[in-house]
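# Breakdown of the fold
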Amino acid sequence: MKVLKFGGSSVANSDNIKRIKNIIATYDDTIIVVVSAFGGITDELLEAGKLASTGDETYKSVLKNIEDRHLKAVKELVPVSLQSKVLSSVKSNLNVLETLLEGAFFIGEITEKLSDKIVSFGELLSSYIISEYFQSEDMDCVFKDSRELIKTQLINEKHIVNFKTTDANCKSYFSSQRHKITVTPGFIATSENGESTTLGRGGSDYTAAIYASAIEASVLEIWTDVSGMYTANPKMVKQAKAIAHLSYEEAMELSHFGAKVLYPPTIQPVLAKGISIRIKNTFNPEEAGTLITKSKNEQGKTVRGISHIGNISLLSLEGPGMVGIPGISKRFFEVLSQANISVVLITQASSEHSICVGISANDILKAIAIVNENFAYEIERGKINKVKPENNLAIVALVGDNMKSHQGLSGKMFSTLGKNNVNIRVIAQGASERNISCVVDEKDVKKALNALHEEFFEENIKQLNLFVMGVGNVGSKFLNQIKQQRKYLKENLKLNIRVVGISNSRTMHFDEQGMDLKSWEDLLANGEKANKEKFLAHVNDLNLRNSIFVDNTASDEVASTYQNYLGNSISVVTCNKIACSSQFENYTHLKRLAREYNAPFLFETNVGAGLPIIDTLKHLIASGDKILKIQAVLSGSLNFVFNNFNNGTTFHDIVKQAQEEGYTEPDPKIDLSGIDVMRKILILARESGHVLEIEDIKNKSFLPQESLDTNNNEDFFASLVKYEADFQKLYDDALKKESKLKYVAQFEAGEASVGLQEIPKGHDFYNLEGSDNIVLFYTERYPNQPMIIKGAGAGADVTASGIFADIIRIGNF
């Protein structure tokens, strides 16, 4: 004989009830079918009782909705010729329910006994209607009221199942039962006095387990709306998978810590009998689901699941008078127990100076009052401090039978949380080592679960969540590169890169699941109005693991927000040079935040677009080398300009071409004035370990002062036309000396300079073509023959690839 339990979602409407009929029809065994109330009805019954007891007549509309749903189900399930009897019985029960609610309304209160009676109608009505439907479909079915079988007794003011009487009733009834299918209501029972009682949260599961234990069923099947118990809550962790097999102990740990498909007391009646439990999906019955047995999992896996309990508060009893005093813990827990406050987590300092417990936030005010009252004597004398709560917390737990004595699991768990800036308030681990729990902020739960699931279950595929500011020339190339390389990165580098947010100066768009990069332009065009503060707020609200802010702009306003991202453990990747070339104090502040909050701050593209200049410099210094001198052509745009400028062209036309092809900044004066190169050599000097400000750099500008003083591009280009003869002279003078014009940056002995130079033949800079950059590092290890880095140093594609490379670096941290 088997016991099958169908939850509220499985019997929510007539279509779902037809599904369970088809499932039951596949069984050859004799079965007991335990059903919950129609989905949502229990909550409506509780609401109706509460409204009625406060004199609120709107309880009648709630009752009307309850009535309509049940009558509708009868009319949709039972043939017209058989409806009269069923409708009559349902209406009769609804009339009794109405009378009970009227009683609560007139007396202005609702007792626990009355509440139990009201709530019992959910299961009574659903089970009766379902049994009548099965019979109308010619199924060998009978209805049995669970209140006639399951008996409770009052112990410590709580109704507890009297198993001796209940088991005898069940064995007697089911041993004589000749029908193939018995449909019974879950959740309800009767007291020794014959009064209706309920079995509490998860009561329908409990009912099914009581039957399974009493008749020693071959299996207890719990049918719900998910395909078993998952490695994590699938509503919060999209990559969660159903677990094929769990031990009783693992299932109890997971269910205790919030796995909603199973309520812990459910397992207790079947545990001693060794009866297997299988969790199945009503809506995907072909799925294997989760099998729960006495034996441990054979696959030897350590962590089997990750779960959590929300709405937790911490309560700490502490003070100097606790040290070495016997009985303090006993008193503390007795006080909580006598107030019916359940403790879900306990931790105590080895100094005995404090005891901390986790309890439901719903009980925290009551707990504070009774603890302070009972320890008033010690509090008054300063031996113990008044208890104060920590609220808005949650417990996150790793569960697995084989975690015991497995080295490194705790370290791995806490390291993963730490990398994602999830602050751990309390840690608890039982002697069985089947569970490692920690308390975190409620707002961090989703990030914590996803980060841990990625670490323990996802084959080392790391998810990076990008928030991209600036989708112009460089930004659009960057997004296209991600789109092209996503599959490769996932398969070969185990990186799953998702773009969650994008913004330009006009609009912004977010998609927590990661947007389709084939249509990012349309998504952005239809997005909400852009706002840098709201963008940051949305990034923080999403609170995703491995978040990276990508700045593809040249905006000082955007650069000023980096500290807010880094301070929230959000990495920053930028091609915007403003932050790193700002005041030295700001530069070091950002670097300090990156270290403190474990949020990488990468800006390789600040100097050489896609060239690994900063990365190489860091490796030289980290290995103990010392920078003696840096010589470089660092402006791809200026190199492009002077490589293409000659006496057959005009300087104006070449600069215009460089701007149109994306080699210069949108404002080309930034490049031609030398400001851009000054920023680059400043960043290299700082990364070499020197304290330097932009004002300390000597700039030997080749532009006329009038060009430098212009306020817009139109005036700037007009000035270039005006001074064409001066530019031609610069070219002719270099040509006469068989030299080429290069804009050179230099740093040596703590001093930096930039300016246009005539480079003779034979020099490393002489044959630099197109928009290429070149850097010469003279170090203690390379004093005479410098280390040379050379390659394309400008252009949207190479800059985008440099940003991409920084993101991959973060993925590999």
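Rules used throughout
Here the residue index of a chain counts from 1 through its sequence in written order. Totals for whole chains, interfaces and linings use all residues, but because this is a predicted model, local features are given only for residues with pLDDT of at least 70 and pairs of side-chain atoms are given and counted only at 80 or more. Calculation of side-chain values draws on the structure's entire complement of heavy atoms; hydrogens and water are dropped beforehand. Here the rule is simple: two strands pair whenever DSSP picks up at least two bridges between them. To qualify as a helix, a DSSP run of H or I must reach at least 4 residues; to qualify as a strand, a run of E must reach at least 2; elements of each kind are numbered from the N terminus. Think of each axis as a best-fit line through the C-alpha atoms, taken over the contacting stretch in the case of a helix, with angles from 0 to 180 degrees between the N-to-C directions. By the convention used here, residues are in contact when the closest approach between their heavy atoms is within 4.5 Å. Classification of ring pairs rests on two measures: the distance between centres of Phe, Tyr or Trp rings, Trp counted by its six-membered ring, which must be within 6.5 Å, and the angle between planes, read as stacked under 30 degrees, edge-to-face over 60 and tilted in between. The buried label applies to any residue whose accessible area, calculated with a 1.4 Å probe on protein chains only, is under 20% of its type's maximum; exposed applies above 50%, and partly exposed to all values in between. Between N or O atoms, a polar contact is any pair within 3.5 Å; within protein, one atom must be a potential hydrogen donor and the other a potential acceptor, and residues adjacent in sequence are included only when both atoms are from side chains.

## Considerations on the sheet that holds strand E14 (residues 343–348)
- Taken together, six strands build an open sheet; the order of strands is E14-E15-E13-E16-E18-E17 and the sheet is antiparallel. At either margin of the open sheet sits one strand with a lone partner, and together these are E14 and strand E17 (424–429). Taken over all neighbouring pairs, the strand axes of this sheet differ in orientation by 30° on average, direction set aside.
- Bridge analysis of strand E13 (residues 305–318) against strand E15 (residues 354–360) gives seven bridges, and the strand direction is antiparallel. Bridge pairing links Ser-316 to Cys-356 in E15.
- Along the sheet, helix H10 (residues 328–338) makes contact with E13, E14 and E15, crossing E15 at roughly 15°.
- Helix H13 (residues 409–419) contacts strand E16 (389–399), E17 and strand E18 (435–441) of the sheet and is inclined by roughly 15° relative to E18.

## Some remarks on the packing of aromatic side chains
- A complete count under the given rule lists 26 aromatic pairs for this structure.
- Relative to Phe-702, the ring of Phe-642 has its centre 5.3 Å away and its plane inclined at 75°; by these criteria the two rings are edge-to-face. In this pair, Phe-642 sits in helix H23 (residues 636–644) while Phe-702 sits in the loop between strand E27 (698–700) and helix H27 (705–708), placing the two residues 60 residues apart along the sequence. No difference in accessibility class separates Phe-642 from Phe-702, as the two residues are buried.
- Relative to Phe-651, the ring of Phe-645 has its centre 5.3 Å away and its plane inclined at 80°; by these criteria the two rings are edge-to-face.

## Considerations on the side chain of Ser-10
- Tracing the backbone shows Ser-10 in the loop between strand E1 (2–6) and helix H1 (14–24).
- Taking relative accessible area as the criterion, Ser-10 reaches 0% and is therefore assigned buried.
- In terms of polar contacts, Ser-10 uses its side chain to reach the side chain of Thr-282, at 2.6 Å.
- Among residues more than four places away in sequence, those in contact with Ser-10 are Asn-16, Ile-17, Ile-20, Trp-223, Thr-224, Thr-282 and Phe-283.

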